[in-house]
Amino acid sequence: MNSKSIANILTSHGIKPSFPRIQIYDYLYTKKNHPTVDNIYNGLVSKIPTLSKTTIYNTLNLFIENNLACTINWDESEKRYDMTIKDHSHFRCEICGRIYDVPYNDIVLLPEEYEGFIIKEKHIFLKGICNNCNR
């Protein structure tokens, strides 16, 4: 995806496209690695020497507010970001640390006794060994 396409996406979501915002969006779009702020910073600082982690946090929060990204909280010490907004779960490999998106359309999330509850978010986190590490 080129910068003009990204700028159009940002604009259509009410976000003013700046060079850092375009680069952060491009990073999330192309890497699809569920990065931390540190990952994004390390991946972009050589391209944007003036980039700060504050800019990344602010940009990610703007993306989240405008439904372009969401957060994944594995534990209290690690927050990751994902561009896949539709409901899905995640699998994290205990060996390589890679995070995979996993659809969960067929999983019954709540037993019948919770009928009438209003579900605003769904999170399913799976841990184990990925196919590559299992070989």
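In this report, we go over the structure that sits alongside the text. This is a predicted model, so every value here is computed, not measured.

1. Some points on the overall build of the protein chain
In step 1: Tallying secondary structure elements over the protein chain gives five helices and five strands in all.
In step 2: With the C-alpha coordinates of the protein chain rotated into their principal frame, the extents come out at 50 × 40 × 30 Å.
In step 3: Counted over contacts in the protein chain with a minimum sequence separation of 6, partners at least 24 positions apart contribute 46%.
In step 4: By element, 48% of the accessible surface of the protein chain is carried by carbon and sulfur atoms, the whole surface being about 9000 Å².
In step 5: Each charge sign in the protein chain was given a centre, from 16 positive and 15 negative side chains, and these centres are 12 Å apart.

2. Some remarks on the sheet that holds strand β4 (residues 99-102)
In step 1: Taking strand neighbours across the sheet as the criterion, the three strands line up as β4-β3-β5 in an open arrangement whose pairing is mixed. Single-partner strands in this sheet number two, and they are β4 and β5 (125-128). Averaged over all neighbouring strand pairs, the angle between strand axes comes to 25 degrees, with direction disregarded.
In step 2: Relative to β4, strand β3 (residues 89-93) is paired through four bridges, and the arrangement is antiparallel.

3. Some points on helix α3 (residues 37-44)
In step 1: Listing the buried residues of α3 in full gives V37, I40 and L44. For α3, the arc enclosing every buried residue in end-on projection is 65 degrees, short of the 170-degree limit, so these residues lie on one face.
In step 2: Where α3 is buried, its residues meet α2 (19-31), α4 (53-65) and β2 (78-82).

4. Quick word on the packing of aromatic side chains
In step 1: A complete count under the given rule lists three aromatic pairs for this structure.
In step 2: Look at Y25 and Y29: their rings are 6.4 Å apart centre to centre, the planes differ by 10 degrees, and that puts the pair in the stacked class. Placement of both Y25 and Y29 in helix α2 is noted, with a separation of four residues, approximately one turn of the helix.
In step 3: The exposure class of Y25 is buried, given its relative accessible area of 6%.
In step 4: Given a relative accessible area of 33%, Y29 falls into the partly exposed group.
In step 5: Judged by centre distance (6.2 Å) and plane angle (55 degrees), the ring pair of F91 and Y100 falls under tilted.
In step 6: The ring of Y29 has K32 lying over it, and the distance from NZ or CZ to the ring centre is 4.3 Å.

Reading the values: rules and limits
Chains are numbered independently. Their residues run from 1 in the order of the written sequence. Residues qualify for local features only when their pLDDT is at least 70, as the model is predicted, and side-chain atom pairs are given and counted only at 80 or more; totals for whole chains, interfaces and linings, by contrast, use all residues. Think of the side-chain values as coming from all heavy atoms in the structure, minus any hydrogens and water. By definition, any uninterrupted DSSP run of H or I lasting at least four residues is a helix, any uninterrupted run of E lasting at least two residues is a strand, and each is numbered from the N terminus. In what follows, residue pairs with any heavy atoms lying within 4.5 Å of each other are defined as contacts. Accessible areas in this description were obtained via Shrake-Rupley with a 1.4 Å probe; residue shielding takes into account the shown protein chains only. As used throughout, the charge tally considers Lys and Arg to be positive and Asp and Glu to be negative, leaving His and the chain termini uncounted. Where a charge sits is defined by one atom per residue type, namely NZ (Lys), CZ (Arg), CG (Asp) or CD (Glu). Strands are labelled as partners when DSSP assigns at least two bridges between them. Angles here are taken between N-to-C directions and fall from 0 to 180 degrees, while the axes themselves are lines fitted to C-alpha atoms, restricted in helices to the stretch in contact. A 1.4 Å probe rolled over the protein chains alone gives each residue an accessible area, and that area as a share of the maximum for its type sets the label: buried under 20%, exposed over 50%, partly exposed in between. Think of it as the arc spanned by the lines of direction from the helix axis to the C-beta atoms. Ring geometry is summarised as follows: Phe, Tyr and Trp rings, the Trp one being its six-membered ring, pair when their centres sit within 6.5 Å, and such pairs are stacked at plane angles under 30 degrees, edge-to-face over 60 and tilted between the two. Charge-over-ring contacts are defined here by two conditions on Lys NZ or Arg CZ: a distance within 6 Å of the ring centre and an angle within 35 degrees of the ring normal.

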